[in-house]
Amino acid sequence: MIPVNTPLLKGNEKKYLNECIDSGWISSEGPFVKRFEDDFSKYIGMSHGIAVSNGSAALDIAVRALNLEEGSEVIVPTFTIISPIQSIYNEKLVPVLIDSDPNTWNMHVNQIEPKITAKTKAILIVHIYGLPVDVQPILDLAKKYNLKIIEDAAEMHGQTYNGKKCGSFGDISIFSFYPNKHITTGEGGMVLTNNNELAERCRQLRNLCFIAERRFVHREIGWNYRMTNMQAALGVAQLEQIDYIIERKRYIGHRYQDNLKYIKGLQLPLDSTLYSENIYWVFGMVAESEDLSLTIQKRLNSHKIGTRPFFWCMHEQPVFNSKGLFLGESYPNAERMARNGFYIPSGLGLSDSEIDEVSEHLLKAADCNG
Ligand SMILES: *Cc1c(COP(=O)(O)O)cnc(C)c1O
């Protein structure tokens, strides 16, 4: 079986985990947590890092920390994982959706301004699959309309936009360290900000909002979203390898691009845009029809090659529709990507011969159809 993802844990992971066990520091109080926060926030170029239990938790904290008034509108792409929309919804804020750019698969920046109203208070940008959102026009809008930027960089460890690290553009930004992300802590996430007060508020929200003066007294409800010392130990070891990891992920992407250059009926990911080079978080493709997508995936699966369908649009989620959200809304580019898109194995554990094997089956499957 060639699964869609296999993590690589070949650095100091075991050594640092042993240190946790030998020292007895396994909870969030252990020294690796602070070290990982410092190392990672420095790497991204933000002053504060708040390590949490996962990327979705980081989004909950980021959205709540901004203290937006109930009913405020937050602009967000429809083509994404549910986490950002869930965080917005749970804070009694209103998600306002944007269609995707069919080439980069990221939110279509030209469609944002017409959706800004007096109630709009923030734009939550989500970088998709390895290429960043075109950030500059969004930063300009944020300035013009006085909006906060929340940046979901869960798929963007080490990616840059015009030379500046993704995750450094938000008033508040988040990462995930799930095993399919560029670096992993098993489960884990981080909130990043340059704002001292926001950072302090995030630390509070992460830890049940204990107050400083008297433990077990609370003025606000938070969560237990703490990261353990063992997770952070993995994170420190993984971050040491980030340059190699990005290089390898790009190599995998380029090898697929080369192998699949002449494939028919499938749109491959862009290798670069004016402002970035793809880091291939996943290697996705969009078939010209839903039928072709399913046929190809079936064929790959029958040869023990894993595939995953693309995200499903937020405006077509039964859970939101049943609550009366997004009814009658249509975002044709995102809908097409959701129906016809899928990705193939691209984990760090993938060998060159496996890449070539997957490519061969893909070429055959696409050819049969043509
Ligand atoms: C993975 C991911 C998340 C959620 O992270 P978890 O750690 O799995 O909760 C959020 N946003 C995006 C864009 C992601 O890819």
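This is a predicted model, so every value here is computed, not measured. (Residues numbered from 1 in each chain as written. Predicted model: local features only at pLDDT ≥ 70, side-chain atom pairs only at ≥ 80, totals over all residues. Heavy atoms only, no water.)

Caption draft 1: Spatial organisation of the site of the ligand. Inspection of the region around the ligand gives Asn54, Gly55, Ser56, Ile81, Ser83, Val126, Asp152, Ala154, Glu155, Ser176, Lys181 and Gly188 as its neighbouring residues. In this structure, serine 56 approaches the ligand through a side-chain N or O atom, which is 2.6 Å from an oxygen atom. In this structure, lysine 181 approaches the ligand through a side-chain N or O atom, which is 2.6 Å from an oxygen atom. With the chains in place, 92% of the 380 Å² that the ligand exposes on its own is no longer accessible. Considering only residue class, the shell around the ligand consists of three nonpolar, six polar and three charged. (Near = heavy atom within 4 Å. Polar contact = N/O pair within 3.5 Å; in protein donor to acceptor, adjacent residues only side chain to side chain. Areas by Shrake-Rupley, 256 points an atom, 1.4 Å probe, with all protein chains shown as cover. Nonpolar A, V, L, I, M, F, W, Y, C, P; charged D, E, K, R; others polar.)

Caption draft 2: Structural detail: the state of the cysteines. Under the criterion given, the structure shown has zero disulfides. Considering cysteine sulfurs only, cysteine 202 is the nearest to cysteine 209, which forms no disulfide, with 11 Å between them. The class of cysteine 209 is buried, set by a relative accessible area of 2%. (Disulfide = S-S within 2.5 Å. Buried < 20%, exposed > 50% of the residue type's maximum accessible area, 1.4 Å probe, protein only.)

Caption draft 3: Local environment of helix H1 (residues 13-23). Buried within H1 are the following residues: Glu13, Tyr16 and Cys20. Projected down its long axis, H1 carries its buried residues within an arc of 80°, all on one side. Relative to its buried face, H1 has exposed residues pointing more than 90 degrees away, namely Lys14, Ile21 and Asp22. The elements touched by buried residues of H1 are helix H2 (31-44) and helix H7 (229-239). Once H1 finishes, glycine 24 follows within two positions and takes phi at roughly 85°, a positive value. (Helix = DSSP H or I, 4+ residues; strand = E, 2+ residues; numbered from the N terminus. Arc of directions from axis to C-beta. Contact = heavy atoms within 4.5 Å.)

Caption draft 4: Spotlight on the sheet that holds strand S5 (residues 148-152). Strand order in this open sheet of seven strands is S1-S9-S8-S5-S4-S2-S3, and the pairing throughout is mixed. Edge positions in the sheet fall to strand S1 (48-52) and strand S3 (94-98), since each has one partner strand and no second. Here the strands of the sheet are splayed against their neighbours by 20° on average, with no regard to which way each runs. The pairing of S1 with strand S9 (residues 189-193) spans five bridges and is classified as antiparallel. (Pairing = 2+ DSSP bridges. Axes fitted to C-alpha atoms, helices over the stretch in contact; angles between N-to-C directions.)

Caption draft 5: How the structure looks around the domain arrangement of the chain. Split into domains, the chain comes out as domain 1 (13-98 + 106-239) and domain 2 (242-369). On a C-alpha basis, the centroid separation for the pair domain 1 and domain 2 is 25 Å. Domain 1 puts 36 residues into the contact, and the matching count from domain 2 is 34 residues. On the domain 1 side of the contact with domain 2, Phe79, Tyr129 and His182 bury the most area, a combined 27% of that side's loss. Our enumeration of links across domain 1 and domain 2 arrives at zero salt bridges. Taken together, the connections running from domain 1 to domain 2 amount to 12 residue pairs in polar contact (both at pLDDT 80 or more). In terms of residue class, the side of domain 1 that touches domain 2 is built from 19 nonpolar, 13 polar and four charged. (Domains from an automatic or database assignment. Buried area = accessible area lost by both parts, 1.4 Å probe. Salt bridge = Lys/Arg side-chain N within 4 Å of Asp/Glu carboxyl O.)

Caption draft 6: Quick look at the pairing of S5. Burial within S5 is extensive, with four of its five residues counted as buried. The pairing of S5 with strand S8 (residues 172-176) spans three bridges and is parallel. Residue pairing across strands places glutamate 151 opposite serine 173, the latter belonging to S8.

Caption draft 7: Quick peek at the pairing of strand S13 (residues 283-287). Counting buried residues along S13, five of its five residues qualify, which places the element largely inside the surrounding structure. The alternating pattern of S13 places Phe283, Met285 and Ala287 and Gly284 and Val286 on opposite faces, both of which are buried. For strand S10 (residues 266-267) and S13, the ladder comprises two bridges, and the chain directions are antiparallel. Counted as the bridge partner of leucine 266 is alanine 287 from S13. With four bridges joining them, S13 and strand S15 (residues 341-344) adopt antiparallel strand pairing. The residue of S15 that forms the bridge with phenylalanine 283 is isoleucine 344.

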